[in-house]
Amino acid sequence: MIRINDILDKMVEHNPDANLDVVDRAYIYSARVHAGQVRLSGEPYLSHPLEVAGLLADMKLDGVSVASGLLHDVIEDTRATSEEIDEIFGKEVAHIVSGVTKLSKLQFKSSRAREAESIRKMILAMADDIRVILIKLADRLHNMRTLQFHKEHKRMKIAQETLDIYAPLADRLGIYWIKQELENISFKYLQPEEYERIKNLINKDKEDRDKYVETVKEYIKEKMEANSLKCEVMGRYKQYYSTYYKMVTQSLEFEDLYDIIAFRIILDTKSQCYEALGLLHTMWKPIPKKFKDYIGVPKPNMYQSLHTTVVGPFGERMEIQIRTNEMDRVAKSGIAAHWSYKEGKMFDEKVGKTFSWLQDLLETHRDYHDPVEFLENVRIDLFPDEVYVFTPRGEIRSLPKGATPVDFAYQIHTEVGNQCTGAKVNGRLVPLQYELKTGDAVEIVTTKGHNPSKDWLNFVKTVKARSRIRQWIKAQEKERSLSLGKEMCEKAFRKYRLNFTAMLRSKEINIAVTSFNYKTVDDLIASVGYGKITPLQIIKKVAPIRETEDEDSSILNRIIGKVRKKKVNEGVVVKGVDDILIKFGKCCQPVPGDSIVGYITRGHGVAIHRSNCVNSLKMSPERQIEVEWNEDMKERYPLKIRIRAYDRFGLLADITGTISKSEANIINAKTHTNDDKTVDSYFSIEVEDTAHLKRVLTAIKKIKHVHEVKRIDN
């Protein structure tokens with residue numbers, strides 16, 4: 001366990017004027033309030049905040065950050081309060097600690113909503129003070145290092161969340177060493193067999209590779225020294241997860257990867273970097289389209305470097321990165337390398353502008369009040385790959401890979417996006433679904449009075465575009481539902497000889513608004529149109545009447561129309577509602593274990609979709625209803641999988657045999673052989689749940705020459 005004196009020594013080494021007093025006081029306070037608490041490993045709980053503080057000191061952060069790291073769990077896990085932290089350590093520390101604190105003490109509909117809200121709170125606090133996420137990343141890194149002490153299902157859940165949220169955040173902040181360690185540990189627990197396979201492949205023949213590295217380093221040093229360029233040359237091995245990711249995404253075998261080993265040249269100045277690049281290209285032939293200039297056009301996380309791929313001294317492909325010492329420092333530490341809080345000073349404004357994507361997340365918060373929906377959009381916004389395009393004025397804009405002209409239009413302005421009717425890329429008209437590429441010059445064609453289309457949600461990639469389109473759809477839905485709600489209420493009120501218009505002006509209507517937890521009368525009436533409540537429920541609140549026949553007894557019955565008695569073995573339960581028609585979305589084919597949502601449909605009951613289904617995202621959140629899997633019932637559910645493999649004799653027989661041995665039923669099968677001798681096989685199978693599906697996919701992955709197996713949507 002790291003000691004407080006080790007942390008203080010690190011801080012003084014990096015900054016002799018560091019505020020050690022606040023760190024010392026935070027240590028004493030944390031030790032007192034955590035006294036008697038132990039971790040799952042059996043160690044004193046204090047070991048965790050100390051390790052987190054040690055990681056923050058390694059990142060060369062200021063005293064306030066390190067103190068906040070020592071205190072990051074006190075509000076959640078002890079009797080300490082934010083007011084007490086404010087009083088003892090000041091507003092700055094209290095704000096950061098509050099931003100890092102999870103929301104475990106608040107009540108939410110589900111644990112998933114709580115986790116989503118916790119991440120939302122962290123991101124909102126991070127947009128205000130980036131130190132929040134730096135502490136959270138250090139916290140998550142130490143928790144991942146001790147993940148073996150959790151039960152298996154908890155390990156899987158934490159590892160998946162880390163891979164989905166925290167590793168991409170570290171990437172966007174440019175802190176690659178944290179990103180890589182988080183990815184590798186997550187990979188180890190999520191896919192242990194693949195992890196061991198990649199590890200063994202990389203470590204195989206390591207002695208020969210080490211000799212190769214030394215030989216190439218000497219060639220490069222000799223060339224640079226001969227041209228009076230003083231430099232440092234390093235060789236590095238690719239990380240396990242990034243190797244696996246590249247094999248899967250590019251359909252490559254391990255033997256086909258050329259960048260298992262990459263070289264890095266560190267120089268003093270920017271001009272020397274370009275000079276070194278020229279010398280390398282005279283030594284070894286460069287591969288066309290494999291050169292990237294991140295010095296001229298830095299990545300959004302401030303990363304700068306020249307990347308080139310050449311045919312090396314032994315006829316092999318070889319990747320080389322060229323950068324200055326300062327660029328290398330930023331590449332290793334990301335935003336932490338630009339830290340300028342230095343005991344009370346504000347953060348560098350230029351650096352803040354570089355991280356403008358944080359403000360986009362903040363804007364997303366204003367549009368999405370459902371924490372689970374917000375989290376889904378955070379996942380979308382954390383795309384690691386970027387493309388760089390030009391506006392008609394020559395300004396550079398960065399967008400996620402796969403972004404379209406509609407995404408570009410919304411990044412310019414919401415009104416430009418809403419009124420977008422066409423686009424020109426490099427002077428040529430292109431479809432709105434066109435995927436932009438780095439270097440494209442984009443011009444948007446707008447038409448006044450034009451409105452967004454629901455279909456755009458099928459191809460837009462940015463959170464801003466998605467949220468603005470859904471915002472418009474929601475406004476249109478509300479307008480229609482308000483009109484329908486009024487019509488239904490007028491009809492019902494007339495039936496009981498009541499004047500609906502007069503009732504809207506009375507004080508009694510406010511009783512109904514408050515009773516159903518709405519803010520305005522319009523919200524209440526629109527909820528009738530959405531099918532959330534019935535006119536009879538409003539009547540009972542505003543004008544007591546005699547009990548009528550049991551019409552409208554189910555909240556949803558009137559709006560849904562078609563109702564059937566729930567089967568005894570129904571796999572999904574609609575919370576608070578019985579006897580309801582349920583249908584599963586064919587687009588996403590949910591199975592037990594998937595996170596699901598229900599949507600009220602007109603005349604077709606409740607449609608069940610996976611939470612991240614594109615089609616469910618098109619539906620109005622007002623129609624959403626809480627649903628859950630019935631864990632007592634065991635059924636089989638259909639879904640589709642895609643298998644990519646190198647063609648060989650007996651491949652299909654091996655695949656079908658493996659699926660059958662895994663106790664999954666094959667409904668349909670289709671294969672397609674490509675020109676490069678690879679085969680794409682599509683199977684519709686029936687499984688019991690996601691755990692069963694995982695067993696099937698793991699078994700298929702073990703088949704010879706199979707290099708990718710994944711679940712797909714229809």
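To keep things clear, this report deals only with the structure shown in the data block. (Residues numbered from 1 in each chain as written. Predicted model: local features only at pLDDT ≥ 70, side-chain atom pairs only at ≥ 80, totals over all residues. Heavy atoms only, no water.)

## Side note on the sheet that holds strand E18 (residues 665–673)
The strands that make up a sheet pair up through hydrogen bonds in the backbone, lying either parallel or antiparallel. What counts is decided by this rule: Two strands qualify as a pair provided DSSP detects at least 2 bridges between them. Where helices and strands are cited, they refer to DSSP runs of H or I of at least four residues and of E of at least two residues respectively, numbered from the N terminus. As a rule, the C-alpha atoms of each element are fitted with a line to give its axis, helices using only the stretch in contact, and angles between N-to-C directions run from 0 to 180 degrees.
Here we have four strands laid out as an open sheet, ordered E18-E19-E17-E20, and antiparallel in their pairing. Every other strand in the sheet has two partners, leaving E18 and strand E20 (706–712) as the edge strands with one partner each. Across the sheet, the mean angle from the axis of one strand to that of its neighbour is 20°, orientation sign disregarded. When E18 meets strand E19 (residues 678–687), the two strands line up antiparallel, connected through eight bridges. Paired with Asn665 across the bridge in E19 is Glu686.

## A few points about the side chain of Arg711
The condition that has to hold: Burial status follows relative accessibility: with a 1.4 Å probe on protein chains alone, a residue under 20% of its type maximum counts as buried, one over 50% as exposed, and anything between as partly exposed. Throughout, a residue-residue contact means that at least one pair of heavy atoms, one from each residue, lies within 4.5 Å.
Considering the arrangement of structural elements, one finds Arg711 in strand E20. A relative accessible area of 17% places Arg711 in the buried class. When near neighbours in sequence (up to four residues on either side) are disregarded, Arg711 contacts Cys588, Gln589, Pro590, Val591, Asp594, Arg610, Leu639, Lys640, Ile641, Thr690 and Leu693.

## A short note on the environment of Tyr294
You can see Tyr294 is positioned in the loop between strand E3 (292–293) and strand E4 (306–311). In this structure Tyr294 comes out as buried when scored by relative accessible area, which is 12%. Once residues lying within four places of it in the same chain are set aside, the contact partners of Tyr294 are Lys299, Tyr303, Gln304, Ser305 and His307.

## Remarks on a positive patch on the surface
Put simply, the rule is: Patch membership requires over 30% relative accessible area and the absence of a salt bridge. Like charges are linked within 9 Å, and nonpolar side chains (Val, Leu, Ile, Met, Phe, Trp, Tyr) within 5 Å. For every accessible area listed, the method is Shrake-Rupley and the probe measures 1.4 Å; residues are considered covered only by the protein chains on display. Salt-bridge detection follows one rule: a side-chain nitrogen of Lys or Arg within 4 Å of a carboxyl oxygen of Asp or Glu. In summary, the charge assignment counts Lys and Arg as positive and Asp and Glu as negative, without counting His or the chain termini. By convention, the point assigned to a charge is CZ for Arg, NZ for Lys, CD for Glu and CG for Asp.
A cluster of basic residues, Lys290, Lys292, Arg317 and Lys401, forms a positive patch on the protein surface. Mapping Lys292 onto the fold places it in strand E3. Classification of Lys292 as partly exposed rests on a relative accessible area of 44%.

## Looking at the sheet that holds strand E2 (residues 261–267)
The strand order across the open sheet formed by five strands is E1-E2-E5-E4-E3, and the pairing between neighbours is mixed. If you trace the sheet from one side to the other, it starts and ends with strand E1 (232–237) and E3, each paired once. Inspection of the sheet shows E1 paired to E2 by six bridges, in the antiparallel sense. Note that in E2 the partner of Met234 across the bridge is Arg264.

## Some words on the packing of helix H6 (residues 82–89) against helix H7 (residues 91–100)
Condition: Handedness of each helix crossing follows the sense of rotation of the near helix against the far helix: counterclockwise by less than a right angle gives left-handed, clockwise gives right-handed.
Where H6 meets H7, the closest approach of the two axes is 7 Å, and the angle between their N-to-C directions is 145°. The handedness of the crossing between H6 and H7 is right-handed. Taken together, the residues of H7 that come into contact with H6 (itself represented by Ser82, Ile85, Asp86 and Phe89) are Lys91, Val93 and Ala94.

## Some remarks on the pattern of salt bridges
This structure, assessed with the given rule, holds 23 salt bridges. Here Asp6 and Arg3 are joined by a salt bridge, their closest N and O atoms 3.4 Å apart. Through salt bridges with shared partners, a single network forms among Arg642, Arg644, Asp680 and Glu708.

## Some details on helix H30 (residues 690–701)
Rule in force here: To estimate how far a helix should extend, the number of its residues minus one is multiplied by 1.5 Å. Summarising the geometry, the arc corresponds to the directions from the helix axis toward the C-beta atoms. We call two N or O atoms a polar contact when they sit within 3.5 Å, provided that within protein one can donate a hydrogen and the other can accept it, with sequence-adjacent residues counted only if both atoms are side-chain atoms.
The terminal C-alpha atoms of H30 lie 16 Å apart, and with twelve residues this matches the ideal 16 Å at 1.5 Å per residue to within 8%. Taken together, the buried positions of H30 are His692, Leu693, Val696, Leu697 and Ile700. Looking down the long axis of H30, one finds its buried residues gathered within 135° of arc, a one-sided arrangement. Here the buried face of H30 lies against strand E17 (637–646), helix H29 (651–661), E19 and E20. The N-cap residue of H30 is Asp689: its side-chain oxygen and the backbone nitrogen of Ala691 are 3.2 Å apart.

## Comments concerning helix H24 (residues 508–515)
What H24 keeps buried is the set Ile509, Ala512 and Val513. For H24, the arc enclosing every buried residue in end-on projection is 100°, short of the 170-degree limit, so these residues lie on one face. Lining the buried residues of H24 we find helix H23 (500–505), helix H25 (521–530) and helix H26 (535–542).

## Some remarks on unusual backbone geometry
Despite not being glycine, Asn517 has its phi angle at roughly 65°, a positive value. The topology assignment puts Asn517 in the loop between H24 and H25. Residue classification places Asn517 among the exposed positions, given a relative accessible area of 70%. Although it is not a glycine, Gln589 adopts a positive phi angle of roughly 45°. What makes Gln589 buried here is its relative accessible area of 14%.

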